[in-house]
Protein chains: 2
Amino acid sequence: MIDFPEIQELIKPNNSKIVMLVVDGLGGLYHPNYGKTELEYANIPEIDSLAKQSDCGLTLPVLPGITPGSGPGHLSLFGYDPIKYTIGRGILEAIGISLNLNTSDIAARGNLCTINGQTGLIIDRRAGRINSNEAKSIINQLDGLKYKNIKIEAHHVKEHRFVLLLKGDGLDNNITGTDPEIEGKMPMASVAKDSGSTLTAECINYFNKQIKTILANRDTANMALLRGFSKIPNYPNISDKYKMKCAAIAAYPMYKGLAKLIGMSVLDAGNSFESEIQTLHSNYDKFDFFFLHYKPADAAGEDGDFIQKVKSLEHLSGVLNNVLALKPDTFILAGDHSTPTVMASHSWHPVPFLINSKLTAGSGIQEFTENQCRGGAIGNINATHLMLLALAHSGRLNKFGP
Amino acid sequence: MIDFPEIQELIKPNNSKIVMLVVDGLGGLYHPNYGKTELEYANIPEIDSLAKQSDCGLTLPVLPGITPGSGPGHLSLFGYDPIKYTIGRGILEAIGISLNLNTSDIAARGNLCTINGQTGLIIDRRAGRINSNEAKSIINQLDGLKYKNIKIEAHHVKEHRFVLLLKGDGLDNNITGTDPEIEGKMPMASVAKDSGSTLTAECINYFNKQIKTILANRDTANMALLRGFSKIPNYPNISDKYKMKCAAIAAYPMYKGLAKLIGMSVLDAGNSFESEIQTLHSNYDKFDFFFLHYKPADAAGEDGDFIQKVKSLEHLSGVLNNVLALKPDTFILAGDHSTPTVMASHSWHPVPFLINSKLTAGSGIQEFTENQCRGGAIGNINATHLMLLALAHSGRLNKFGP
């Protein structure tokens, strides 16, 4: 998109409906214990049947070899170049726990850590992955400080992790973090890298001093490390960009937050994929484009649980017709990244996708797998170009040039 | 090409011959009535036989989902990035009717339209697609006006369409058009967007006033709308770019004009593909590179006539050996874009191509179709890279780097 400013002029709104189902961590890898990839092993007749009537291919989320986090993975699918539109770790953590953010807020990712009371050297950067209950009560003690006119908030996330939020005027995020990212060193003082960020660094150094005092009588989890200072990025609004009303239907806060950052309307989607589908049905008349998020495949992939990932794909296939019943003009099934169970983590591998419209009859593959998608009607594309295909199939793009 | 400026240094002229046959609108789509794509349905043994001994693939004209006009589609095949080297609608229309253009001329695309004589509001933007004879006589009345030192020419194209040409010194094309692009509004005054274009806007507003007077006694086709103001673009010369003498052999004026814009020698090619082939034979010694244009596949595609497009491909196959008889060192069969009959329009779909040289024996596919080309020796490439392959196969590119 970055190289093609004229795209805006080509866009032609109409009444078509586009549903993009993002299966988090969709792609997998051959697993030696099962002799197949998760998609190959899964019994997913409804998805396979759709793939037979669809243009299929693989999306490259960033670049070959580059493993995306959830932020870049999703931004790509929505046509935002993830190398240009970066997202700060602090901000992503904050939206992941549904914090209300203003454009002037500074967010940081925090770790409780353990330091040696005498020397001040870091013994454990994660405070033994302290249990969440205990950590929460510690974080509560750190919440609500003030420095000059700045309010300092600390919000617990999980185990040793928390979000630090600075609220007030005169802040910027161009400061160094306090985490040396190695044990045996001291937490570092924060240094402002420009004059607009001086107050922020002062706040952080004040906060560091206060933590030491507040947690002085603890032997473990007696200090904190901060990094990823960031502000809400100023992304182009997706509804303006594509001249269509875009809605996000996701159960997990982080995906709602990401969608909100690019200007999607975030719908109340309940806590399950079934409630997400209900939300889709009850809001189908109100929007043009729907981002529908399916989480379980990624969760199982991250756990390295092959059978669980297979089951999550089979479950999806079983409920797919509840989505297709709406007969969207263009339906896309795609993934933000691969999460092969054999790696138990996100990976860089291109991700299978299908796009289905009245123009894709007869162009499909037999089974929706990584290998077959590679030979599909589209083949390998950059994930950022998927939205162009969505617009084209929906008749929302005029011809380029005379 | 834009990312590889060193290309120029790698080029090594030699005596090889390259023939690039551009089949306009070559690619198609599965048609539900026939159960196949046009290429799959067509009986084209000569092309298939060549494909068996060729490197095959698909060219992406611009970006996924982006449908190119004829201008961008051809520029891509000649290695000109169509996003960088845009072409104005007025200019393309002018070269389509073989107008002689100077670099200082301003061309616009004109429509005769019908306005309400009292209110001045547009009733019909295309004047009921007035028949060509009547339109021609109206356009003749508008031709030959003068404003200050500027000559104003009006040239009829077809039905309601005409080209407006401004000739003289002190003109530039950065003005707004007069077409509101919707009915029920007034034709707009033209506004200069920079000081160099002030005279142009004055001319257009003078012309608008004159039309009203000249056509005052008409009820329909009593006004005109203008858009796409443009000048001849200043493209790099193709013969310099590739260090080879390039010739265009095309029956239709627009393709001749396009070729001329990038510096090809435009040969007298008659009015049919057969006369084009004769022209190729009789000029074969004089040039290194030949662009040979085949139009009927696109025309049938635009008409949505599946069988006619199939026949046009079969006809091409039947006469192909008259081209191959010359034994060019490198022969390419490619398309500027797809024109699926099921869409009856240009489309964004990647276009099949083959490249044949003494280095491609044994690398081919069984049948020259969209699906098989995808799995050919080359696969998917940007159309702008096809010329690099042409040069490479002809021994015209040195090694890059030590």
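Numbers given for residues are sequential positions, taken from 1 along each chain in its written order. Think of it this way: whatever chain is written first is A, whatever ligand is written first is 1, and the rest follow in order. This being a predicted model, a pLDDT of at least 70 is required before a residue's local features are given, and a value of 80 or more before pairs of side-chain atoms are given or counted; all residues contribute to the totals for chains, interfaces and linings. Excluded from the side-chain calculations are hydrogens and water; all other atoms, namely the structure's heavy atoms, are used.

Further remarks concern the sheet that holds strand β14 (residues 379-382) of chain A. Residue and element names in this part refer to chain A. Any two strands with at least two DSSP bridges between them are considered paired. Per the convention used, a helix needs a DSSP run of H or I reaching at least four residues, while a strand needs a run of E reaching at least two, with both numbered from the N terminus. Read across the sheet, eight strands follow the order β10-β9-β11-β1-β12-β13-β2-β14 without closing on themselves; strand pairing throughout is mixed. A strand with exactly one partner marks an edge of an open sheet, and here the two such strands are β10 (265-266) and β14. When strand β1 (residues 18-23) meets strand β12 (residues 330-334), the two strands line up parallel, connected through five bridges. Looking at the pairing, Val-22 lines up with Ala-334 of β12. Contacts between residues were defined by any pair of non-hydrogen atoms, one from each residue, lying within 4.5 Å. Axis definition: a line fitted to C-alpha atoms, limited for helices to the stretch in contact. Angles are taken between N-to-C directions and run from 0 to 180 degrees. Along the sheet face, helix α12 (residues 306-324) touches β1, β11 (289-294) and β12 and points at about 170° away from the line of β1.

We now examine the interface of chain B and chain A. Contacts between chain B and chain A engage 27 residues on the former and 24 residues on the latter. Salt bridges are defined by distance alone: a side-chain nitrogen of Lys or Arg within 4 Å of a carboxyl oxygen of Asp or Glu. At the junction of chain B and chain A, the tally comes to zero salt bridges. Two N or O atoms count as a polar contact when they lie within 3.5 Å, although within protein this holds only if one can serve as hydrogen donor and the other as acceptor, and sequence-adjacent residues are included solely when both atoms are side-chain atoms. For the pair chain B and chain A, the interface holds six residue pairs in polar contact (both at pLDDT 80 or more). Elements represented by at least two residues in the side of chain B that touches chain A include exactly α4 (70-77) and α5 (89-96) of chain B. If you tally residues by element for the side of chain B that touches chain A, the top one is α4 of chain B, at three residues. Note on residue categories: nonpolar means Ala, Val, Leu, Ile, Met, Phe, Trp, Tyr, Cys or Pro, charged means Asp, Glu, Lys or Arg, and polar means any other residue, Gly included. For the side of chain B that touches chain A, the class distribution of residues is 15 nonpolar, ten polar and two charged.

Residue and element names in this part refer to chain A. The buried fraction of helix α5 (residues 89-96) amounts to six of the eight residues, a majority that puts the element mostly inside the structure. Remark: exposure states derive from per-residue accessible area (1.4 Å probe, protein chains only) relative to the maximum for the residue type, with buried under 20%, exposed over 50%, and partly exposed in between. Of the residues making up α5, those classed as buried are Gly-90, Ile-91, Leu-92, Glu-93, Ala-94 and Ile-95. Here the buried face of α5 lies against α4 (70-77), β3 (106-115), β6 (150-158), β7 (161-167), β8 (223-230) and α9 (253-261). Two residues or fewer after α5 comes Ser-98, characterised by a positive phi angle close to 65°.

With that settled, consider the relation of the copies chain B and chain A. Taken together, a rotation about one axis and a shift along it account for how the two chain copies relate. Our superposition of the copies is a least-squares fit, built on the C-alpha atoms of residues whose pLDDT is at least 70 in both. Rotating chain B by 125° about the axis while translating it 0.3 Å along that axis superimposes it on chain A, leaving an RMSD of 0.2 Å. Read as a symmetry element, the transformation amounts to a three-fold axis. Of every C-alpha in chain B, the one belonging to Gly-375 of chain B sits nearest the axis of rotation, 4.1 Å from it.

Attention shifts here to the environment of Ile-7 of chain B. Within the element layout of this structure, Ile-7 of chain B appears in helix α1 (residues 7-10). Placed 376 residues apart in sequence, Ile-7 of chain B and Ala-383 of chain B show a C-alpha to C-alpha distance of 16 Å.

Leave glycine aside and you will find that most residues have negative phi; peptide bonds, for their part, are mostly trans. Look at Ala-344 of chain A: it is not a glycine, yet its phi comes out positive at around 55°. With respect to the element layout, Ala-344 of chain A can be found in the loop between β12 and β13 (351-356). Of note, Lys-327 of chain B is a non-glycine position whose phi angle comes to about 50°, a positive value. Turning to its location among the elements, Lys-327 of chain B is positioned in the loop between α12 (306-324) and β12 (330-334). The exposure class of Lys-327 of chain B is exposed, given its relative accessible area of 71%.

What follows covers the pairing of β7 of chain A. All names here are of chain A. Most of β7 is tucked away, with six of its seven residues classed as buried. Here β3 pairs with β7 via six bridges, running antiparallel. For Ile-106, the partnering residue across the bridge sits in β7 and is Leu-166. As paired strands, β6 and β7 are joined by seven bridges and run antiparallel to one another. Following the sheet pairing, Lys-158 is matched in β7 by Arg-161.

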